Amino acid sequence: MGYRSWMDTVVRPRPGSQATAHRLWLPRQHGAWAMLAVPLLLGIAVTEPNVWHAVLGAAAIAGYLASATAQTWVRARARQRYTASLIAYVVAATVLGMALVVTHPGLVLVVIVLVPAGVITLVAAKLGRGRGVVAGFAQVVEALVLVPAAASLAGPLDSAAVAKATLMAAVYLVGTLLAVRSVIREQGNTGFAVVSVGFHLAATAVGAILLPLPFVVLLGLLALRAALLPIVQRCYRETVTPLRPVHVGMVEMVVATCVVGLAFVSPI
């Protein structure tokens, strides 16, 4: 991400510097792309891929860019810098979203989730808490609608499979938010690290009841990763090779790949 946090999506130009054209149009937080890709791909994994999945993916990207730009816009002093990109992304997201709703009317239900979650992220950004835990959870909720949305584009839903895929996506996204935050924004905070590990252990226990064995094993590995990251950070803190955000980002890239790959090779 320029990896400050896996869930960070707000772009903030450095005070006193001229924002580049690139930053006016593209957020620097690369981890947000995984937030879109993982639930979208998990939704596709439980159904048959078709061209509408590409449209949904494009709509999700446009929606994310609109949201990220809007969060920057509400805090910017020179808002006119972001007006063009904000309008472009809102128009693109609206057109693509309308195309999906017209052809698949059931998708209109996603607004029940997206609207309140979007309001929370904007309010948090306005208050200077766009990178806080509450905003992070709101972004997770927004991303999770991609699982049932993607599954619904290929015909009748296998409700059980979709529910399990959504559970897996939720555990991955929430777990990643907690695990990454425990070694970046909450580094040294033992209590937060305990919460992160506790969440993963609880998720593994629930998965043992609801999910097939390969996914339970993967959840166990995610819990191990959540426990090891703070330990590795403490061990290497005073060395010439401390644990840096880029290293955490590489770990999460591998984790995301494993989650998606397992969903495609093993029935959930």
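Here is what the cut-offs are and how they apply
- Per-chain numbering applies: the sequence of each chain, read as written, is numbered from 1 onward.
- Predicted model: local features are reported for residues with pLDDT of at least 70 only, side-chain atom pairs are reported and counted for 80 or more only, and whole-chain, interface and lining totals are derived from all residues.
- The side-chain figures draw on all heavy atoms in the structure; neither hydrogens nor water molecules are used.
- Think of it this way: any DSSP run of H or I at least four residues long counts as a helix, any run of E at least two long counts as a strand, and we number them from the N terminus.
- Partly exposed describes any residue whose relative accessible area lies between the buried limit of under 20% and the exposed limit of over 50%, with all areas from a 1.4 Å probe on protein chains only and scaled to the type maximum.
- We call two residues contacting when some pair of their heavy atoms lies within 4.5 Å.
- For the accessible areas, the method is Shrake-Rupley and the probe is 1.4 Å, while residue cover comes only from the protein chains on display.
- Both cavities and pockets are sets of points on a 1 Å grid over the protein atoms alone; in a cavity a 1.4 Å probe fits but cannot get out, in a pocket the set is open with protein on both sides within 12 Å along at least five of seven lines, and lining residues sit with an atom within 4 Å of a point.
- Grid points are joined across faces, edges and corners, and a volume is the space filled by probe spheres set on the points.
- Patch definition: residues above 30% relative accessible area lacking any salt bridge, with like charges linked at up to 9 Å and the nonpolar side chains Val, Leu, Ile, Met, Phe, Trp and Tyr linked at up to 5 Å.
- For this analysis, a salt bridge means a side-chain nitrogen from Lys or Arg found within 4 Å of a carboxyl oxygen belonging to Asp or Glu.
- A helix is expected to span 1.5 Å for every residue after the first.
- For this quantity, the arc is that covered by the directions from the helix axis to the C-beta atoms.
- Note on geometry: axes are C-alpha line fits, over the in-contact stretch for helices, and angles between N-to-C directions span 0 to 180 degrees.
- By definition in this entry, angles of less than 35 degrees are roughly parallel, angles greater than 145 are roughly antiparallel, angles of 65 to 115 are roughly perpendicular, and the rest are oblique.
- Any residue that is not Ala, Val, Leu, Ile, Met, Phe, Trp, Tyr, Cys, Pro, Asp, Glu, Lys or Arg is counted as polar, Gly included; the first ten are nonpolar and the last four charged.
- Polar contact is the term for a pair of N or O atoms within 3.5 Å; when the atoms are in protein, one must be able to donate a hydrogen and the other to accept it, and sequence-neighboring residues count only if both atoms are side-chain atoms.
- In these notes, a set of buried Ala, Val, Leu, Ile, Met, Phe, Trp, Tyr and Cys residues joined through side-chain atoms within 4.5 Å is what counts as a nonpolar core.
- Across the chain, each position has a pLDDT score giving the predictor's confidence in that residue, from 0 to 100.

> Describe the overall build of the protein chain, naming the residues involved and giving the relevant values.
Of regular secondary structure, the protein chain possesses eleven helices and zero strands. Written out in order from the N terminus, the α and β elements of the protein chain read α-α-α-α-α-α-α-α-α-α-α. Across the 268 residues in the protein chain, those meeting the buried criterion constitute 47%. The contacts of the protein chain with a sequence gap of at least 6 include a subset with a gap of at least 24, amounting to 76%. Summing over all exposed atoms, the protein chain offers an accessible surface of approximately 12,800 Å²; the carbon and sulfur share of this is 72%.

> How would you summarise the layout of surface pockets if you had to cite specific residues and measurements?
Counted as a void, the largest pocket has a volume near 1,100 Å³. The wall of the largest pocket is formed by 36 residues, among which A59, G63, Y64, L114 and E142 lie closest to the centre. Contributing elements (two or more residues each) for the lining of the largest pocket: α2 (31-45), α3 (51-73), α4 (80-103), α5 (111-126), α6 (133-144) and α7 (146-152). The element best represented in the lining of the largest pocket is α3, accounting for nine residues.

> Describe a nonpolar patch on the surface, with residues and values.
On the surface, V108, L109, V111, I112, V115, V119, V123 and L127 cluster together into a nonpolar patch covering about 730 Å² of accessible area. In this structure, V115 sits in helix α5.

> Give a description of helix α9 (residues 190-210) that names residues and reports values.
If you check α9, its first and last C-alpha atoms are 30 Å apart, about what 21 residues at 1.5 Å a residue would give, namely 30 Å. F192, A193, S196, H200, A203, T204 and G207 are the residues of α9 that are buried. The arc that holds the buried residues of α9, viewed along the axis, is 120°, so those residues lie on one side. The outward face of α9, more than 90 degrees from its buried face, is lined by the exposed residues V194, L201, A208 and I209.

> Break down the packing of helix α8 (residues 159-183) against helix α11 (residues 245-265) for me, citing the residues and quoting the values.
The N-to-C vectors of α8 and α11 enclose an angle of 170°; their axes lie 12 Å apart at closest approach. On the basis of the axis angle, α8 is roughly antiparallel to α11. On α11, the residues that touch M168, Y172, T176, V180 and V183 of α8 are V248, E252, V255, A256 and V259. Partitioning the contact of α8 with α11 into residue classes produces eight nonpolar, one polar and one charged.

> Describe α3, naming the residues involved and giving the relevant values.
In a regular helix each residue adds 1.5 Å, so 23 residues correspond to 33 Å; α3 covers 33 Å between its end C-alpha atoms and thus fits that length. For α3, the N-terminal capping position is held by N50, with its side-chain oxygen 2.9 Å away from the main-chain nitrogen of W52.

> Explain the packing of α8 against helix α10 (residues 213-236) to me, and be specific about the residues and the numbers.
At a minimum axis distance of 9 Å, the contact between α8 and α10 shows a crossing angle of 10°. By the angle between their directions, the pair α8 and α10 is classed as roughly parallel. Taking contact as the criterion, the partners of M168, V171, G175, T176, A179, S182 and V183 in α8 are, on α10, F215, L218, L219, R225, A226, L229, P230 and Q233. A class-by-class count of the residues in the contact of α8 with α10 yields ten nonpolar, four polar and one charged.

> Explain the environment of T83 to me, using residue names and the numbers behind them.
Looking at the element boundaries, T83 is found in helix α4. Residue classification places T83 among the partly exposed residues on the basis of a relative accessible area of 32%. Distance from T83 to W73, taken between C-alpha atoms, is 7.8 Å for residues ten residues apart in sequence.

> Let's hear about the nonpolar core: which residues, and what values?
Grouped together as the largest cluster of nonpolar side chains are 34 residues, with contacts concentrated most on M168, Y172 and V259. Those elements that provide at least two residues to this core are α2, α6, α8, α9, α10 and α11. Counting residues per element, this core draws most heavily on α8, at eleven residues.

> Describe the confidence of the model for the protein chain, naming the residues involved and giving the relevant values.
Predicted coordinates in areas of low pLDDT are best not read in detail. With 89% of its residues at a pLDDT of 70 or more, the protein chain has an overall mean of 87. The least confident element of the protein chain is helix α1 (residues 21-25), whose mean pLDDT is 62; the most confident is α9, at 96. Low pLDDT, under 50, characterises residues 1-19; the predicted model gives this stretch 69 contacts beyond four residues in sequence or across chains.

> Go over the side chain of T204 with me, naming the residues and quoting the values.
Mapped onto the secondary structure, T204 falls in helix α9. Exposure remark for T204: the relative accessible area of 17% places this residue in the buried category. The contacts of T204, once residues within four sequence positions are left out, are V216, L219, G220 and A223.

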